[in-house]
Amino acid sequence: MESSSNGTFHLRRTRRKRIGMILAGVLFLATILGIVVLVTLLVDVAMQSRAWLDMQFLNSLPSRFADQAGIKPALYGSLWLMGLTALISVPLGVASAVYLEEYARDGWFLQLIQINIANLAGVPSVVYGILGLALFVRFAALGQSLLAGALTLSLLILPIIIISTQEALRSLPTGLRESAYALGATRWQVIWSHVLPNAAPGIFTGVILALSRAIGETAPLILIGALTFVPFLPQSAMDQFTALPIQIFNWTARPQDEFRGLAAAAIVVLMILLFAMNLSAILLRDYFERQTAGE
Amino acid sequence: MSTESPPTSTAPESAAAEDRATARPADDLTQQVYDSPKELAIKYALGACALVSVFTTLGIAAVLVIESIPFFQEVALTEFFGSAEWTPQFSEKHFGIWALLSGTILVTVISAVVALPIGLASAIYISEYAADGVRRVLKPGLELLAGVPTVVYGYFALTFVTPLLQAVVPGLGVYNALSAGIVVGIMIVPMVASLSEDALQAVPDSLSGAAYALGATKFETVLRVNVPAAFSGIMASFILAVSRAIGETMIVTLAAGASPKMTLDPTQSIQTMTAFIVQVSKGDTPQGTIVYQSIFAVGLVLFLITLAMNIFATRITQRYQEKY
């Protein structure tokens, strides 16, 4: 099929190269489209929030009147939720991952758990909300409390923590474990003194990313009934609560422009919180990496 | 939960076969140190934690099935799966899942049309073209896009994308499937991009090297060699992303409306399965009513669909994965 003439070959080659360059340009445009949308979203939200975002907004209770409304209970609720969720999900997730990586023997049972965890990561968050409603709110009679919310969110992010911790454990060199065994350490001593400290950067990064997923979740909290009007700060894990995403949803769903502005202001607060968490994950990883490199 | 014996115990055991007298202290060592009550307790405690994930799945399945039984005692399966009328708020109630399912399908198709080409293009660009410096900007950018909470996307769809579309599409209502579908698509782009990129990265360089040696240009190599070689991984990323779109809740609740109907018109207001579940649970629907019970039946359908897609995606990667 190819022409035997050298001239034609060069001609077609130039054309083919040009087509390739153009299509590569198209690929590039498609790629930066995502970034463009992200920037548009952030700029739009920042513009909309300008008139509303001030100290009074951070310090006030929610209100029917837009100019008096604030996010104090929502902010406290989100921080409570994050703390409780971390307390429940981190030990559980890391322990699961340690068992699966360091103890469990290869076989059908491990396979089953592994497939199960991968599938759980794909279950829609609203389904976790249904589980939380039936299991924690009603069956365990925790009501619409912070604890019920935190337990629901913990189950939601558990697969993420397990998977990222497993990856962190797997990336460690086997020599690390063998050297500790060679000195007569027991299995748990090896894990506690060698495996976990060295896997810490990876584990921390995964945990922070999982928690930032939890703090932005809305649907499960609506399902467990956190959409009620809460004009007070939570005092204990058994208190009713509201959270930032819930407040954002509430204000966005109202038709008045003032409340849209409030929603934008609450989004700015939530996004700042999320960026701070992501940044600390990156810094933490850097810090640990430099420490291990320095040893 | 079978025990793996401690690595050090193999040598003493083979020694035990030769000389029982010297083996005894080693056995004691194994029993007292490696299999000491403390070590065993730790092992079983960790194992119990690992079982939580299994019980989560069982819990989800049990809750959805048990709580939908009362619903299906009142609503015949033939009506549930055979009708396209969903009117739980009316005095004459109809529960035909197709009204909600078609809403979900409409939004999902729109999101797939947006996300699959853009996601795949991003994956190809980042994996095959981008210089290191560009990659270092693009990848975190996409990760940030993936980290935006869905309620924020919902706000964006309702207050930014819909007005923008209304300028282009005449007569577009405040709530419509188009705006929600586009934004759900944007939400799943990072997922398609990162999973497809992993698949493309796994293709060995020797394949593209061979294509270059035959005189192919860079773009021809990428399109005819790298992408087909990573096909199973790319398909899996598509399926997982679509499954995510089906389960997406806040964007469709805020931007797609609350009118369950069977339509293919993307400018219409519709309701998805997920949006219906939220609508019922945010209202004051009393427990024990048929409307309240219906969220479990809808949840069960949603769970089964996404589960089937996730299992299918895993199957594809396992079965059709090229081993290099």
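Criteria and thresholds
- Residues numbered from 1 in each chain as written.
- Chains lettered and ligands numbered in written order.
- Predicted model: local features only at pLDDT ≥ 70, side-chain atom pairs only at ≥ 80, totals over all residues.
- Heavy atoms only, no water.
- Domains from an automatic or database assignment.
- Contact = heavy atoms within 4.5 Å.
- Buried area = accessible area lost by both parts, 1.4 Å probe.
- Salt bridge = Lys/Arg side-chain N within 4 Å of Asp/Glu carboxyl O.
- Polar contact = N/O pair within 3.5 Å; in protein donor to acceptor, adjacent residues only side chain to side chain.
- Nonpolar A, V, L, I, M, F, W, Y, C, P; charged D, E, K, R; others polar.
- Helix = DSSP H or I, 4+ residues; strand = E, 2+ residues; numbered from the N terminus.
- Buried < 20%, exposed > 50% of the residue type's maximum accessible area, 1.4 Å probe, protein only.
- Core = buried A, V, L, I, M, F, W, Y, C linked by side-chain atoms within 4.5 Å.
- Patch = residues over 30% accessible without salt bridge, like charges linked within 9 Å, V, L, I, M, F, W, Y side chains within 5 Å.
- Areas by Shrake-Rupley, 256 points an atom, 1.4 Å probe, with all protein chains shown as cover.
- Axes fitted to C-alpha atoms, helices over the stretch in contact; angles between N-to-C directions.
- Parallel < 35°, antiparallel > 145°, perpendicular 65-115°, else oblique.
- Left-handed = near helix turned anticlockwise from the far one by under 90°.
- Phe/Tyr/Trp six-rings, centres within 6.5 Å; stacked < 30°, edge-to-face > 60°.
- Lys NZ or Arg CZ within 6 Å of the ring centre and 35° of its normal.

### Concerning the domain arrangement of chain B
All names here are of chain B.
Here is step 1: Per the domain assignment, the segments of chain B are domain 1 (7-75) and domain 2 (98-320).
Here is step 2: Contacts between domain 1 and domain 2 engage 11 residues on the former and 8 residues on the latter.
Here is step 3: Across the interface of domain 1 and domain 2, roughly 870 Å² is buried in total on both sides, 84% from carbon and sulfur atoms.
Here is step 4: It is L64, E67 and F71 in domain 1 that bury the most area against domain 2; as a group they hold 51% of the surface buried on that side.
Here is step 5: Here domain 1 is connected to domain 2 by 0 salt bridges.
Here is step 6: Viewed at the interface, domain 2 and domain 1 are joined by 0 residue pairs in polar contact (both at pLDDT 80 or more).
Here is step 7: Class assignment for the residues of the side of domain 1 that touches domain 2 results in 8 nonpolar, 1 polar and 2 charged.

### Digging into the interface of chain B and chain A
Reports often express the size of an interface as the amount of accessible area lost when the parts come together.
Here is step 1: In this assembly, 80 residues from chain B lie in contact with 74 residues from chain A.
Here is step 2: Summing the contributions of chain B and of chain A, the shared interface buries around 6,900 Å²; its carbon and sulfur component is 75%.
Here is step 3: Between the two partners, chain B and chain A, sit 2 salt bridges.
Here is step 4: At 19 residues, helix α3 (residues 37-74) of chain B tops the list of elements feeding residues into the side of chain B that touches chain A.

### Focus on the domain arrangement of chain A
Residue and element names in this part refer to chain A.
Here is step 1: What the domain assignment reports for chain A is domain 1 (6-49) and domain 2 (56-294).
Here is step 2: Centre-to-centre separation of domain 1 and domain 2, based on C-alpha positions: 36 Å.
Here is step 3: Each side of the interface is counted separately: domain 1 has 5 residues, and domain 2 has 7 residues.
Here is step 4: Of the roughly 420 Å² buried between domain 1 and domain 2 on both sides combined, carbon and sulfur atoms contribute 89%.

### Considerations on the side chain of E217 of chain A
Residues and elements named next belong to chain A.
Here is step 1: You can see E217 is positioned in the loop between α8 (187-215) and α9 (219-223).
Here is step 2: A polar side-chain atom of E217 sits 3.1 Å from a polar atom in the side chain of R213.
Here is step 3: Apart from residues lying up to four places away in sequence, E217 is in contact with S125, L153, L156 and P245.

### Quick word on the environment of I203 of chain A
All names here are of chain A.
Here is step 1: Looking at the element boundaries, I203 is found in helix α8.
Here is step 2: Given the relative accessible area of 9%, I203 is considered buried.
Here is step 3: Sequence separation of I203 and S164 is 39 residues, and the distance between their C-alpha atoms is 6.6 Å.
Here is step 4: Not counting residues up to four positions away in its chain, the partners in contact with I203 are V94, T165, A168 and L196.

### Thoughts on the nonpolar core
Here is step 1: L221 and W251 of chain A together with I60, W86 and Y153 of chain B are the most contacted members of the largest nonpolar core, which has 196 residues in total.
Here is step 2: Of the residues forming this core, the biggest block, 17 residues, is contributed by helix α5 (residues 98-129) of chain B.

### Side note on a nonpolar patch on the surface
All names here are of chain B.
Here is step 1: On the surface, L77, F81, W98, I105, V109, V113 and M262 cluster together to form a nonpolar patch covering roughly 690 Å² of accessible area.
Here is step 2: Here the nonpolar patch takes 4 residues from α5, the largest share from any one element.
Here is step 3: Relative to the helices and strands, V113 resides in helix α5.
Here is step 4: We classify V113 as exposed; its relative accessible area is 59%.

### Quick look at the packing of α5 of chain B against helix α10 (residues 218-229) of chain B
Residues and elements named next belong to chain B.
Here is step 1: The geometry of α5 relative to α10 is characterised by a closest axis approach of 12 Å and an angle of 115 degrees between their N-to-C directions. Taken together, the axis directions place α5 and α10 in an arrangement best described as roughly perpendicular. Both α5 and α10 take part in a crossing whose hand is right-handed. Residues I124, E128 and Y129 of α5 lie in contact with α10, whose contacting residues are K218, F219, V222, N226 and V227.

### A look at the environment of L183 of chain A
Here is step 1: Note that L183 of chain A resides in the loop between α7 (174-182) and α8.
Here is step 2: Overall, L183 of chain A belongs to the exposed group, its relative accessible area being 77%.

### Observations concerning the packing of aromatic side chains
Residue and element names in this part refer to chain B.
Here is step 1: Under the defined criterion, the tally for this structure stands at 16 aromatic pairs over all chains.
Here is step 2: A ring pair is formed by Y125 and Y129, whose centres lie 6.1 Å apart and whose planes are at 10 degrees; its orientation type is stacked. Of the two residues, Y125 and Y129 are both situated in helix α5; the distance of 4 residues between them amounts to about one turn of the helix.
Here is step 3: Accessibility expressed as a relative area gives 12% for Y125, which makes it buried.
Here is step 4: Three or more aromatic residues link up through ring pairs in this structure, and these residues are F71, F72, F80, F81, W86, F95 and F276.
Here is step 5: Directly above the aromatic system of Y129 lies the positively charged group of K218, at a separation of 5.0 Å from the ring centroid.

### Regarding the pattern of salt bridges
Here is step 1: Applying the stated rule across the entire model yields 7 salt bridges over all chains.
Here is step 2: The salt bridge involving E67 of chain B is made with R138 of chain A; its shortest N-O contact spans 3.1 Å. Placement of the pair is E67 of chain B in helix α3 and R138 of chain A in helix α5 (residues 125-139), with the two residues belonging to separate chains.
Here is step 3: The class of E67 of chain B is partly exposed, set by a relative accessible area of 22%.
Here is step 4: By relative accessible area, R138 of chain A is classed as partly exposed at 25%.
Here is step 5: The residue K139 of chain B makes a salt bridge to E197 of chain B at a minimum N-O spacing of 3.3 Å. Placement of K139 of chain B in helix α6 (residues 132-147) and of E197 of chain B in helix α8 (residues 177-201) is noted, with a sequence separation of 58 residues between them.

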